[in-house]
Amino acid sequence: MRAVVLGGVGEGLEVVDDHAEPVVGDGETIIDVTACGVCGSDLHVVDGDFPSNLPMILGHEVTGVHERLGPVMVYAPWGCRSCTQCEAGLEQICPDATEAGLFTDGGYAERMRIPGESYLSVLEGLDPVAAAPLACGGLTAYRAVMHGLDLLRDRGEAGRALVIGAGGLGQYAIRYLRLLTDTTVVAVDLDPAKQGTALEVGAHEAFGPDDGIGTADVVLDFLGAESTMVLAAEAVRRQGLVAVVGLYGGRIPFGLGAVPHEARFMSSFWGSRAQLDDLLDLARSEPSIVQPVETLPLVDAQLAHDRLRRGDLKGRLVLTMK
Ligand SMILES: [Zn+2]
Ligand SMILES: [Zn+2]
């Protein structure tokens, strides 16, 4: 089969036309890959930020066709299936997880091994190419919004949610907040073009970081840089919530008096197995969630990475196998 392989940290992606077919064990299954989104985490693997076992096939935003289930989306955070988190259905939090495309061969390939049918969500009614980024980008933003949902619903129309970073994930979060709450949605981004996109996808207000953004009940930080976390801590109200989603590795002082009283600070990582099904249900009833994506053929995976690294994209980029 054709696959795109990362041979080692910092190396270019290699298109292999005669890669070995995936081998499946007991209870495991296989899909023919239709599409695979390109995610910022893929660049972290290339950069050696995760202890991935290379060489490896990248790709964790995967849709495909399963012989029994038909068109499917892969739930890629594969856990150990025996720890407390896995038993609670939170495999993305598993300390021994081997996520597809990050620690185990993923979807930059014509076929892919899946540990079991339970890791496949039936796509039914959704475009497998445009929907692919829901598997990570869409799901990660969904879980972040879910952390603040009760708080925002309690606040009703008086609520204010701040979305820091109006790239792909931030745009998903803005849509979910508009669909699921009556809160005022405020986007913050350095880039005036992204501020414009945020308003297009539903933000009520969009600002640069120095614009006097006011306070918020919930702050979702899709960058996680020190500067954005400082901004989040300044903006969050007492008893509000800050969820850090971005991987920039920022650190801020925390303690009583250092942050607004009883404000909660948490990280948020990917999404649960059940949340993926919930998100796909939401996407079926609210088609605006599945936005057009830009596509490139699998053989152009390196070009896709180069463009993602330059920030030369409006939304998400998806590799297609045909
Ligand atoms: Zn586990
Ligand atoms: Zn991802």
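The text that follows walks through the structure, step by step, so that each part is easy to find. Residue positions are given per chain, counting from 1 as you read along its sequence in written order. Note on labels: chains are lettered from A, ligands numbered from 1, in written order. Side-chain atom pairs in this predicted model are given and counted only at pLDDT of 80 or more, local residue features only at pLDDT of at least 70, and totals for whole chains, interfaces and linings cover all residues. Computation of side-chain values covers all heavy atoms of the structure but excludes hydrogens and water.

Details of the coordination of the zinc ion (ligand 1)
For clarity, the cut-off: Shown as donors are all N, O and S atoms within 2.8 Å of a metal ion, widened to 3.2 Å for Na, K and Ca; because water is not in the atom set, sites may appear incomplete. Any coordination sphere not matching a tetrahedral pattern (four donors, all angles between 85 and 135 degrees) or a square planar or octahedral pattern (four or six donors, opposite donors over 155 degrees apart, other angles between 65 and 115) is reported as irregular. Helix numbers and strand numbers start at the N terminus; a helix is a DSSP run of H or I with at least 4 residues, a strand a run of E with at least 2. For every residue, the accessible area obtained with a 1.4 Å probe (protein chains only) is divided by the maximum for its type, and the residue is called buried under 20%, exposed over 50%, and partly exposed between those limits.
Here the zinc ion (ligand 1) is held by the protein donor atoms Cys-80 (SG), Cys-83 (SG), Cys-86 (SG) and Cys-94 (SG), which lie 2.3 Å from it. Of note is the zinc ion (ligand 1), whose four donor atoms meet at the metal with angles of 105 to 118 degrees in an arrangement that counts as tetrahedral. Between consecutive donors of the zinc ion (ligand 1), the numbers of intervening residues give the motif C-x2-C-x2-C-x7-C. Remark: Cys-94 occurs in the loop between α2 (84–87) and β7 (111–114) and Cys-83 occurs in the loop between β6 (70–74) and α2; sequence separation between them is 11 residues. A residue is classified by how much of its surface remains accessible, and Cys-94, at 7% relative accessible area, is buried.

Some details on the pattern of salt bridges
Here is the rule: Here, a salt bridge means any side-chain nitrogen of Lys or Arg that lies within 4 Å of a carboxyl oxygen of Asp or Glu.
Applying the stated criterion to the full structure yields 15 salt bridges. Measuring nitrogen to oxygen at the nearest pair gives 2.6 Å for the salt bridge that ties Glu-117 to Arg-68. One end of the pair, Glu-117, is in the loop between β7 and β8 (120–122); the other, Arg-68, is in the loop between β5 (61–66) and β6, and 49 residues separate them in sequence. Taking relative accessible area as the criterion, Glu-117 reaches 31% and is therefore assigned partly exposed. Note on Arg-68: relative accessible area 60%, which makes it exposed. A salt bridge links Glu-205 to Arg-160, with the nearest nitrogen and oxygen atoms 2.9 Å apart. Of this pair, Glu-205 sits in strand β11 (residues 205–207) while Arg-160 is found in strand β9 (residues 160–164), placing the two residues 45 residues apart along the sequence. For Arg-160, a relative accessible area of 15% puts it in the buried group. One salt-bridge network, held together by shared partners, links Glu-294, Arg-307, Arg-310 and Asp-312.

Points about helix α3 (residues 137–155)
Counted only if it meets this: Take the residue count of a helix, subtract one, and multiply by 1.5 Å to get its expected span. Two axes enter the bend calculation: one fitted to the seven residues ending at the residue in question, the other to the seven starting there, and the bend is the angle between them.
The end-to-end C-alpha separation of α3 is 27 Å, in line with the 27 Å expected for 19 residues at 1.5 Å each. Largest kink in α3: about 50 degrees, centred on Leu-149. Gly-156 lies just past α3 and shows a positive phi near 55 degrees.

Remarks on the coordination of the zinc ion (ligand 2)
Around the zinc ion (ligand 2), the donor atoms from the protein are Cys-39 (SG), His-60 (NE2) and Cys-136 (SG), and they sit 2.0 to 2.2 Å away. The sequence pattern formed by the donor residues of the zinc ion (ligand 2) is C-x20-H-x75-C. Note that Cys-39 is positioned in the loop between β3 (29–38) and α1 (40–46) and Cys-136 in the loop between β8 and α3, a separation of 97 residues in sequence. No difference in accessibility class separates Cys-39 from Cys-136, as the two residues are buried.

Some details on the packing of aromatic side chains
Two measures describe an aromatic ring pair: the distance that separates the ring centres and the angle between the ring planes. For clarity, the cut-off: The criterion for an aromatic pair is that two Phe, Tyr or Trp rings (for Trp, the six-membered ring) have centres within 6.5 Å, with stacked assigned to planes under 30 degrees apart, edge-to-face to planes over 60 apart and tilted to the rest.
Using the criterion set out here, one finds six aromatic pairs in the structure. Plain terms: the ring middles of Phe-50 and Phe-103 are 6.4 Å apart, the flat faces sit at 40 degrees to each other, and that makes the pair tilted. One end of the pair, Phe-50, is in the loop between α1 and β4 (56–57); the other, Phe-103, is in the loop between α2 and β7, and 53 residues separate them in sequence. A relative accessible area of 21% places Phe-50 in the partly exposed class.

Looking at the sheet that holds strand β1 (residues 3–6)
Here is the rule we go by: We treat two strands as partners when DSSP finds at least two bridges between them.
Reading across the sheet, the three strands line up as β2-β1-β4 and stay open at both edges, with antiparallel pairing between neighbours. With partners counted over all chains shown, the strands left at the sheet margins are β2 (13–16) and β4, one partner each.

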